[in-house]
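Fold and contact review
What follows is each chain in one-letter form.
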Amino acid sequence: MRNATSPFTDFGQVSGPLYASADRISRRTGALHRARASGRHAAEVIADLAAEAVPSGAPVIADIGCGRGTTTCLLAARLPRARIVAIDLSAALLVTVRRRLPTGAGAGAARADFHRLPLGDGACNLAVAAFCLYHSPSPERVIAEIARCLAPGGTAIIAVKSADSYRELDQLMATSRLVPDAPGRSSLYETAHSGNITRLAATSLDIRQVINHSHAFVFPTLAEIAEYLATSPKYGLPACLTSDPAVLAAELRRRLPDESFTMTSVVTYLVAGRAAATP
Ligand SMILES: C[S@@+](CC[C@H](N)C(=O)[O-])C[C@H]1O[C@@H](n2cnc3c(N)ncnc32)[C@H](O)[C@@H]1O
């Protein structure tokens, strides 16, 4: 079911409050990181795949939808001779990326919409698009842009999550009666996810490898769940609850037993190359 009002494909949300500062994404990934019980850190997996894929020498790498630049910084550390351009729609996040990148690294940051990448045809040896394609209502257009920018023999690494990621949280929201219809709501990852990314990518790229990793997150109490939940745009919780995780935790404790909670996700890494030119 396509949800026309999904906050993840609403350009007003994505170019506005969702990424207007590094704060929400930083709290969200921090809460997930603290709760991680299994599954490798995605930026490390991507850096390993990148190191395998790029030619020796000084490859040109684009980190598309770079966010706070965690993957960008790891790529710069693993591939010190690379020239890296970090691309994102959010000017605020690019300020954070520039601050985090090691000084003297051959890296820069550019503000752009990934539907029109500011890169020449065949300019990149490697393009990374991690956890961002689900912000496009038509991710195959972004993948076609990525293909345009890849040099012959170049590689794209795309990371997405399963559409049913964190579905356990939907059930928790329904049980709490805070969001009774949560299990029926569309996935935040609806347009690009583990189940459709291979088909989407195959429209412009040659698929080389698809890797699925299961992730589990264990939150010891409702306080830790609240820290994550306060960053989620999915449930439309009122600002009086989301602006302070302690207030949200207190509301959850009024409604639910304060016990440990586990949620899961599958992360899919797709490695693909530019399709060979047809004669
Ligand atoms: C969940 S973050 C992922 C960040 C990073 N790649 C990571 O793996 O942590 C999604 C990023 O996609 C960016 N984004 C969303 N729509 C975009 C667009 N149309 N063009 C460029 N970047 C976009 C957002 O600004 C945000 O930084």
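Values in this document were obtained by computation on a predicted structure and should not be read as measured data. (Residues numbered from 1 in each chain as written. Predicted model: local features only at pLDDT ≥ 70, side-chain atom pairs only at ≥ 80, totals over all residues. Heavy atoms only, no water.)

For the rest of this paragraph, the subject is the site of the ligand. Within the structure, the ligand sits among 18 residues, and G65, D88, D113, F114 and A130 are positioned closest to it. Here G67 contributes a backbone N or O atom positioned 3.5 Å from an oxygen atom of the ligand. Residue L89 places a main-chain N or O atom 3.2 Å away from a nitrogen atom belonging to the ligand. Across the complex, the protein chains shield 91% of the 610 Å² of accessible surface that the ligand would expose by itself. Residues that form the shell around the ligand fall into these classes: 12 nonpolar, 4 polar and 2 charged. (Near = heavy atom within 4 Å. Polar contact = N/O pair within 3.5 Å; in protein donor to acceptor, adjacent residues only side chain to side chain. Areas by Shrake-Rupley, 256 points an atom, 1.4 Å probe, with all protein chains shown as cover. Nonpolar A, V, L, I, M, F, W, Y, C, P; charged D, E, K, R; others polar.)

With that settled, the discussion passes to the sheet that holds strand β5 (residues 124–130). Spatial strand order, β1-β7-β8-β6-β5-β2-β3-β4: 8 strands in an open sheet with mixed pairing. Taken across any chain shown, the strands that pair with only one partner, and hence form the sheet edges, are β1 (36–38) and β4 (107–111). Going across the sheet, the axis of each strand differs from the next one's by a mean of 20°, ignoring polarity. Here strand β3 (residues 83–88) runs beside β4; their pairing, made up of 5 bridges, is parallel. Residue pairing across strands places I84 opposite A107, the latter belonging to β4. Along the sheet, helix α5 (residues 91–100) contacts β3 and β4; its crossing angle with β4, the most-contacted strand, is approximately 175°. (Pairing = 2+ DSSP bridges. Helix = DSSP H or I, 4+ residues; strand = E, 2+ residues; numbered from the N terminus. Axes fitted to C-alpha atoms, helices over the stretch in contact; angles between N-to-C directions. Contact = heavy atoms within 4.5 Å.)

Once that is clear, we can look at the pattern of salt bridges. Under the criterion given, the structure shown has 12 salt bridges. Notably, a salt bridge pairs R27 with D23, separated by 3.2 Å at the nearest N-O pair. Remark: D23 and R27 occur in helix α2 (residues 23–35); sequence separation between them is 4 residues, near one turn of the helix. Assessed through its relative accessible area of 32%, R27 is described here as partly exposed. The exposure class assigned to D23 is partly exposed, which follows from its relative accessible area of 43%. Salt bridges sharing partners connect three or more residues here, namely R40, D48 and R78. (Salt bridge = Lys/Arg side-chain N within 4 Å of Asp/Glu carboxyl O. Buried < 20%, exposed > 50% of the residue type's maximum accessible area, 1.4 Å probe, protein only.)

What follows is about the packing of aromatic side chains. Following the criterion strictly, the structure yields 8 aromatic pairs and no others. Each ring, one from F8 and one from Y134, has its centre 5.4 Å from the other, and the planes form 20°; the classification is stacked. Linking F8 in the segment before α1 (11–14) with Y134 in the loop between β5 and α6 (139–149), this pair joins segments that are 126 residues apart in sequence. For the residue pair F8 and Y134, the accessibility class agrees, reading buried in each case. Ring centres of Y166 and Y228 lie 5.8 Å apart, and the angle between their planes is 65°; on these two criteria the pair is classed as edge-to-face. Residue Y166 is located in the loop between β6 (150–161) and α7 (167–176), and its partner Y228 is located in helix α9 (residues 222–229); the two are separated by 62 residues in the primary sequence. Residue Y228 is classed as buried on the basis of its relative accessible area of 2%. An aromatic cluster is present here, built from F8, Y134, Y166, Y189, F217, F219, Y228 and F261 joined pairwise through their rings. (Phe/Tyr/Trp six-rings, centres within 6.5 Å; stacked < 30°, edge-to-face > 60°.)

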